[in-house]
Amino acid sequence: KRDWTIVKVPYGGGYGSLNLTKPKGAKRAPDALQKEFTRQRIFMADNNVPSWDNVGWHNINLGFRRQNNINGWERMHKKVLKESVDIFGEARDILFLGGSHTITASTYLALAQVYGRFHTGLIVLDAHPDCCRKADWPIHSDWLRQLIEEENVLPKNVLIIGLRQMEKSEKEFLEKYKIVHCPMNFIHRSLFIDNLSVYWTLRELGKLSATYLSIDVDVASGVFAPGTSCPSPGGFTDTELIKFVKQIKSRLPNLRAADIVEIDPLNWWRKRVLRYDPTVDLGVKLIKEIIS
């Protein structure tokens, strides 16, 4: 089996009328990330990977335009679930590139089907807990709540890091299910977490058959990742985020899948003015860190 295969999921739906933000531009992120990754393939990663020429890429062609409705999501869900399970038969690990964060409701379920939902854990790096109830399908603000309520992941096997913006209903949900979560103000500059519950949760996650790491790019400060549907101040710097992902990966030898979501690439005219897309560039650095 190959070590890592990168799977592109160009889904920009998954939002409702009650959402303040709409990640529809995120459907362009997988292609933008692959293009920039290919352009930068001559550069080694921090851990001295000599070449990126043998990276396997797979595109899930959704084949329809109207994505932001429950029928569109169900079509995406069925296709992503089937193809992801098949890819797990060929590749040991998968990195998914979204797309809206709602794809994680499908990609995580694929991992849980392969390894067993009671033996699989989920780590989420996000400025928001995504535990609202604003729709009857897993939009980008609700997907984690639905995974937990439908018992596709055990609450004790969920860890959320980097929270800065939380609604009252989400706080109540996290407390009800006793989900371990770590706001940014608990994370020191050294990136070590001063929270015993987080330490023990990471330790227990490392004993499972498989873990899944989901990175919403808005976990980084909006200064370093402005290209997202909901940029938020006070998050990780780009360097801190890359180092933190490196630490998580070193502590979890059972990391079998990951995703990078909610990147909204610059439009052609904005890129022509700025000449640089910092959010896509950060995404490329995260790709290299995860698959190396």
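The sections below set out a description of the structure shown in this document. It should be emphasised that the depicted structure is a prediction, and the values quoted were computed from it without experimental measurement.

### Brief notes about the overall build of the protein
- Counting its secondary structure elements, the protein contains nine helices and eight strands.
- A globule of 292 residues ought to have a C-alpha radius of gyration of about 19 Å, and the protein, at 17 Å, matches this closely.
- Dimensions of the protein, computed from C-alpha atoms along their principal axes, come out at roughly 45 × 40 × 40 Å.
- Buried positions account for 57% of the 292 residues belonging to the protein.
- When contacts within the protein are restricted to residue pairs at least 6 apart in sequence, those whose partners lie at least 24 apart make up 75%.
- Summing over all exposed atoms, the protein offers an accessible surface of approximately 13,600 Å²; the carbon and sulfur share of this is 52%.
- The positive charge centre, built from 41 side chains, and the negative charge centre, built from 33, are 3 Å apart in the protein.

### Section: a nonpolar patch on the surface
- On the surface, Leu196, Tyr199 and Trp200 cluster together into a nonpolar patch covering about 370 Å² of accessible area.
- Locating Trp200 in the fold gives a position in helix α6 (residues 196–205).
- Under the relative-accessibility criterion, Trp200 is labelled partly exposed at 43%.

### As for the packing of helix α7 (residues 238–251) against helix α9 (residues 278–291)
- In contact at an axis separation of 10 Å, α7 and α9 are set at 20° when each is read in the N-to-C sense. The angle between α7 and α9 falls in the class roughly parallel. As α7 packs across α9, the resulting crossing turns out to be right-handed. Listed contacts from α9 to Asp238, Leu241, Ile242, Val245, Lys246 and Lys249 of α7 are Leu282, Lys285, Leu286, Glu289, Ile290 and Ile291.

### A word on the packing of aromatic side chains
- Enumeration over the complete set of coordinates arrives at seven aromatic pairs.
- Each ring, one from Phe37 and one from Trp52, has its centre 5.7 Å from the other, and the planes form 70°; the classification is edge-to-face. With a gap of 15 residues between them, Phe37 in helix α1 (residues 29–39) and Trp52 in the loop between α1 and β2 (56–59) connect regions that are remote in the sequence. In terms of burial, Phe37 and Trp52 fall into one category: buried.
- Measuring from centroid to centroid gives 5.4 Å for Tyr199 and Trp200, while their planes differ by 80°, and the two rings are edge-to-face.

### Structural notes on the pattern of salt bridges
- One pass over the structure, following the stated rule, counts 14 salt bridges.
- When the shortest N-O distance is used, the salt bridge between Lys8 and Asp31 registers 2.8 Å. Separated by 23 residues along the polypeptide, Lys8 in strand β1 (residues 2–8) and Asp31 in helix α1 bring together distant segments of the chain.
- You can call Lys8 buried: its relative accessible area is 8%.
- With a shortest N-O distance of 3.3 Å, Asp86 and Lys82 are connected by a salt bridge.

### Thoughts on the nonpolar core
- Counting residues in hydrophobic clusters, the biggest one holds 46 residues, and the most contacted among them are Leu95, Leu125 and Ile291.
- The biggest single contributor to this core is α9, with seven residues.
- Sequence-distant contacts of Leu95, that is, excluding residues within four places in its chain, are made with Trp4, Thr5, Ile6, Val7, Ala258, Asp259, Ile260, Ile287, Ile290 and Ile291.

### Comments concerning α9
- Taking 1.5 Å of rise per residue, 14 residues should cover 20 Å, and α9 covers 20 Å from first to last C-alpha, within 8% of that figure.
- Here α9 lies mainly inside the structure; twelve of its 14 residues are buried.
- Among the residues of α9, Thr279, Val280, Asp281, Leu282, Gly283, Val284, Leu286, Ile287, Lys288, Glu289, Ile290 and Ile291 are the ones counted as buried.

### Details of the pairing of strand β6 (residues 180–183)
- Both strand β5 (residues 158–163) and β6 contribute to a ladder of four bridges, which runs parallel. Bridge pairing links Leu163 to Pro183 in β6.
- Assessed by its sense of winding, the connection that carries the chain from β5 through helix α5 (residues 168–176) to β6 is right-handed.

### Some thoughts on the packing of α1 against α9
- The geometry of α1 relative to α9 is characterised by a closest axis approach of 9 Å and an angle of 75° between their N-to-C directions. As summarised for this structure, α1 and α9 are arranged roughly perpendicular, according to the angle between their axes. Touching Ala32, Leu33, Glu36 and Phe37 of α1 are Val280, Asp281, Gly283, Val284, Ile287, Lys288 and Ile291, all from α9.
- When the residues that make up the contact of α1 with α9 are grouped by side-chain class, the tally is seven nonpolar, one polar and three charged.

Cut-offs used in this document
Residues numbered from 1 in each chain as written. Predicted model: local features only at pLDDT ≥ 70, side-chain atom pairs only at ≥ 80, totals over all residues. Heavy atoms only, no water. Helix = DSSP H or I, 4+ residues; strand = E, 2+ residues; numbered from the N terminus. Rg over C-alpha atoms; globule rule 2.2 N^0.38 Å. Buried < 20%, exposed > 50% of the residue type's maximum accessible area, 1.4 Å probe, protein only. Contact = heavy atoms within 4.5 Å. Areas by Shrake-Rupley, 256 points an atom, 1.4 Å probe, with all protein chains shown as cover. Lys, Arg positive; Asp, Glu negative; His and termini not counted. Charge placed at Lys NZ, Arg CZ, Asp CG, Glu CD. Patch = residues over 30% accessible without salt bridge, like charges linked within 9 Å, V, L, I, M, F, W, Y side chains within 5 Å. Salt bridge = Lys/Arg side-chain N within 4 Å of Asp/Glu carboxyl O. Axes fitted to C-alpha atoms, helices over the stretch in contact; angles between N-to-C directions. Parallel < 35°, antiparallel > 145°, perpendicular 65-115°, else oblique. Left-handed = near helix turned anticlockwise from the far one by under 90°. Phe/Tyr/Trp six-rings, centres within 6.5 Å; stacked < 30°, edge-to-face > 60°. Core = buried A, V, L, I, M, F, W, Y, C linked by side-chain atoms within 4.5 Å. Expected span 1.5 Å × (residues − 1). Pairing = 2+ DSSP bridges. Right-handed = clockwise from strand over helix to strand, strands pointing away. Nonpolar A, V, L, I, M, F, W, Y, C, P; charged D, E, K, R; others polar.

Function cannot be inferred from these measures alone, as they are strictly geometric.
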